[in-house]
Amino acid sequence: MSGFLPGKFEAREAEAIGMHEALSWLKNFPVFPIILEMDSLHVFNALCDTVVYSNGFGTIIADCRDLAHYLGDVSFSFVRRSAITASRTVARVEGFMSGAELNIMDETVDADHISDLPTFIIHHIMSFLSPKDVVRTGILSTTWRKFQTSFPVLDFDQNNFLVKSRVKRVLPFNLEDMMSRKNFCKSLRKFIRFVDASLHRFCELGFPMQKLRISVSLLEVKESSPLFDKWVELAMENGVKELDFEVITDKNSVNALPQTIFSAKLLTSLKLFGCKLEQPSHCANLQSLKKLSLDEVYVNDQMVQSLVRECRVLEDLSFFYCFGLKRLRISEAHKLKSLILRFTYQELESVEIAVPSLQQLELSFSRVPRLLDVAECPHLRKLVLFLPHFNDQEFHPLISKFPLLEDLSIISLETLERIMISSNRLMHLEVYNCSGLNRINVDAPNLVSFDFEDNPIPIVSTNAPCPLNVLFSNFGDIDTHWYLNLMEFIGAFNQIGELHLSLNYKQVLFNIDEFRSCHPSLPLQVESLSLFMESFSLYMDVVPSEYEILLDGLFWIFYPKNLCLSPENWRYRPFVMWFYDHLRNISTNCCNGRQIKCWRHYLKGINIESFDPLQESSEGDLWLRLDWCFPVLNE
């Protein structure tokens, strides 16, 4: 809103005037659909109902309704004030005008000062806002409208353009269904016109372009391909530094990028999705390119080698589920630091990586290529492996090639049986979902973090000072042997940070006397225990004695300082309620004459941090802080 409005206004009148000014301004920009968001519930309700208000506020509302009807496809949305913090903050400084004052209920907003800053500083401030918030700044004043128009970061996402109540978010797997929807096709045409007009308007200003991102979904590429080529060429002509181009189509119709993209001397980052890269007729001249990301892109072996060779300052290279590659070789990349390879299709026969400068590497294959050679990466510091069929004979020789390794992630190596690691440099270790693992030996005295999730309970030998964060999922009956294995695993570590147990079983077969005879010592101290109940009482009606057996088994293994009990379904809420009542009414009439008593004798205090026993929703998590008193045992 710009200009000067004399007089004194109530808050709802001022909000209504702002909405009126926004609608008036939108008449100059025929882009649809239009969604106007506001944090004034009074104005929102007045706009949506049909009541005629016989006062000044009603007159403004009536004008707003007429303007909305004139514009056509306009809808109103109420949002909480926290959702528009960015625009509200700028508006408070801007004063809803340029160089003037507006009195609202005796509150005076000083004249605008932020607009006096240099344009490049304003643009830098706007770069921290989301695309939606950037658009919102344009309604503050004519000054901010100019800042928005000249903002060198252009982000066009078709998903944000759609009316969410009418059309769902576009996803590749349901693209044909989406294209059959009349509303979607109509919105697509408007989106394309909007992008085309916005790009030309920006280019006419003569400003250099910092970033261009376009995300669009199409079924027929041929009709729009010339237009896409023109958009890319406009960006190249305006010296774009970051280009992110995403075209979601079916796999039988792929958009080939224009040859001019290989001559973008100023381009520093290139992200492509759903496109095709064809061999250029001349040498690529991407002399400033530092980051290249190809996602579901069709590209051949020769094209990759040419790009890597010609992009002499390339530091970050990623392949996500690309097509057309058979023998991938990455070499002659003298400044490459990070490489990500994720493939699911079966055509990839060999992968050879010879990059001495490489520091981070991710290898993710649904089927490991027949040849996997990464020997010539002596300075590698971070390695991520997602190789379901990688066995012990392949795993250990591979990691032995990286003496400087500091960060190792082992994910879904389903045939791996043993992990044997000895390193003074290793600082971070993650082991996830290795279903065949039965033994782990880690000698890493400088380890800072160790995460161990969704694996079997293995035999452990470790020399690692850091606390362990662990998640175990159990399927089947829980017997004394399972409890003993869990306690042996936990006892192998100096510290346990966070322990998560996800229990999916039919019954608990824990025998206290058997456990005491096998392990007579006190339970271990654990900082945090989270217990997720997934199938308790699913197969049978459980009596409270079953609950008590489960609790006895857990507290004979460890004493947690913090405990979270989280039922995954409302059917398991009876266990939560029993747990809640049981801990508040503990009886210690047991363990007479025993040196090591059960947990009831050592639990001295309970602080219930979060739980509402009257709440019947499935989100009835029970959060407790437990105070234990540990005895000194006579040897």
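What counts and how
Residues numbered from 1 in each chain as written. Predicted model: local features only at pLDDT ≥ 70, side-chain atom pairs only at ≥ 80, totals over all residues. Heavy atoms only, no water. Helix = DSSP H or I, 4+ residues; strand = E, 2+ residues; numbered from the N terminus. Buried < 20%, exposed > 50% of the residue type's maximum accessible area, 1.4 Å probe, protein only. Contact = heavy atoms within 4.5 Å. Areas by Shrake-Rupley, 256 points an atom, 1.4 Å probe, with all protein chains shown as cover. Patch = residues over 30% accessible without salt bridge, like charges linked within 9 Å, V, L, I, M, F, W, Y side chains within 5 Å. Salt bridge = Lys/Arg side-chain N within 4 Å of Asp/Glu carboxyl O. Pairing = 2+ DSSP bridges. Core = buried A, V, L, I, M, F, W, Y, C linked by side-chain atoms within 4.5 Å. Axes fitted to C-alpha atoms, helices over the stretch in contact; angles between N-to-C directions. Parallel < 35°, antiparallel > 145°, perpendicular 65-115°, else oblique. Left-handed = near helix turned anticlockwise from the far one by under 90°. Arc of directions from axis to C-beta.

The chain is annotated in an unreviewed UniProt entry as F-box/FBD/LRR-repeat protein from Citrus sinensis.

Caption draft 1: Structural context of the overall build of the chain. Each helix and strand counted, the chain has 17 helices and 32 strands in total. Put simply, the chain has 635 residues, and 48% of those count as buried. For the chain, contacts bridging at least 24 residues in sequence account for 55% of all contacts bridging at least 6. For the chain, the computed accessible surface area is about 31300 Å², with 50% contributed by carbon and sulfur atoms.

Caption draft 2: Region of the structure containing a nonpolar patch on the surface. Side chains of Leu-117, Phe-120, Ile-121 and Ile-125 sit close together on the surface and give an oily, nonpolar patch of about 350 Å² of accessible area. Residue position: Leu-117 is located in the loop between β4 (107–108) and α5 (119–126).

Caption draft 3: Region of interest: the pairing of strand β9 (residues 269–273). With respect to burial, β9 is a largely interior element, four of its five residues being buried. Note that strand β7 (residues 242–248) and β9 share five bridges and pair parallel. Residue pairing in the sheet places Phe-245 in a bridge with Leu-272 of β9. The pairing of β9 with strand β11 (residues 291–295) spans five bridges and is classified as parallel. Residue pairing for β11: Ser-269 is matched across the bridge by Lys-291.

Caption draft 4: Geometry of the nonpolar core. Membership of the largest hydrophobic core comes to 151 residues, with the highest contact counts inside it found for Phe-319, Ile-353 and Phe-579. When neighbours within four sequence positions are excluded, Ile-353 is seen to be in contact with Ile-330, Leu-339, Leu-341, Leu-358, Leu-361, Leu-363, Asp-373, Val-374, Ala-375, Glu-376 and Cys-377. Formed by 21 residues, the second largest nonpolar core is a distinct cluster that contains Ile-17, Leu-26, Leu-67 and Ala-68.

Caption draft 5: Broad picture of the sheet that holds strand β22 (residues 439–443). Across the sheet, which stays open at both edges, the three strands sit in the order β20-β22-β24 with parallel pairing between neighbours. Of all strands in the sheet, those with a lone pairing partner are β20 (418–422) and β24 (459–463), marking the two edges. Strand after strand, the sheet turns through a mean of 5° between neighbouring axes, direction not considered. By the bridge criterion, five bridges tie β20 to β22 in an arrangement that is parallel. Looking across to β22, one finds that Arg-418 is bridged to Arg-439.

Caption draft 6: A look at the packing of helix α2 (residues 41–48) against helix α3 (residues 56–71). Interhelical geometry of α2 versus α3 gives an angle of 60° and a closest axis separation of 10 Å. Overall, the two elements α2 and α3 adopt an arrangement that is oblique. Classified by chirality, the crossing of α3 by α2 is right-handed. Packed against α2, whose contacting residues are His-42, Val-43, Ala-46 and Leu-47, the element α3 presents Phe-57, Ile-61, Cys-64 and Arg-65 at the interface.

Caption draft 7: Up close: α2. For α2, the full list of buried residues reads Val-43, Phe-44, Ala-46 and Leu-47. Down the axis of α2, the sector holding all buried residues measures 165°, keeping them to one side.

Caption draft 8: Region of the structure containing the pairing of strand β1 (residues 34–38). Because side chains alternate across β1, one face comprises the buried residues Ile-34, Leu-36 and Met-38, and the other comprises Ile-35 and Glu-37, none of which is buried. Here β1 pairs with strand β2 (residues 74–78) via five bridges, running parallel. Across the sheet, residue Met-38 finds its bridge partner in β2, namely Phe-78.

Caption draft 9: View of the sheet that holds strand β17 (residues 371–376). Ordered by their spatial adjacency, three strands build an open sheet running β13-β15-β17, and the pairing between neighbours is parallel. What marks the edges here is a single partner per strand, and that holds for β13 (327–331) and β17. In this sheet, adjacent strand axes meet at a mean angle of 5° when their direction is disregarded. As judged from the five bridges shared by β13 and strand β15 (residues 350–354), these two strands associate in the parallel manner. For Leu-328, the partnering residue across the bridge sits in β15 and is Val-351.

Caption draft 10: Layout of the pattern of salt bridges. Counting across every chain of the model gives 15 salt bridges. A salt bridge links Lys-276 to Glu-278; the nearest nitrogen and oxygen atoms lie 3.6 Å apart. Residue class for Glu-278 comes out partly exposed when judged on its relative accessible area of 35%. Through salt bridges with shared partners, a single ionic network connects Asp-155, Asp-157, Arg-213, Asp-244 and Lys-271.

Caption draft 11: Focus on unusual backbone geometry. In this model, Glu-296 sits at a positive phi of 50°, which is unusual for a non-glycine residue. Looking at the secondary structure, you find Glu-296 in the loop between β11 and α12 (301–310). For Glu-296, a relative accessible area of 22% corresponds to the partly exposed category.

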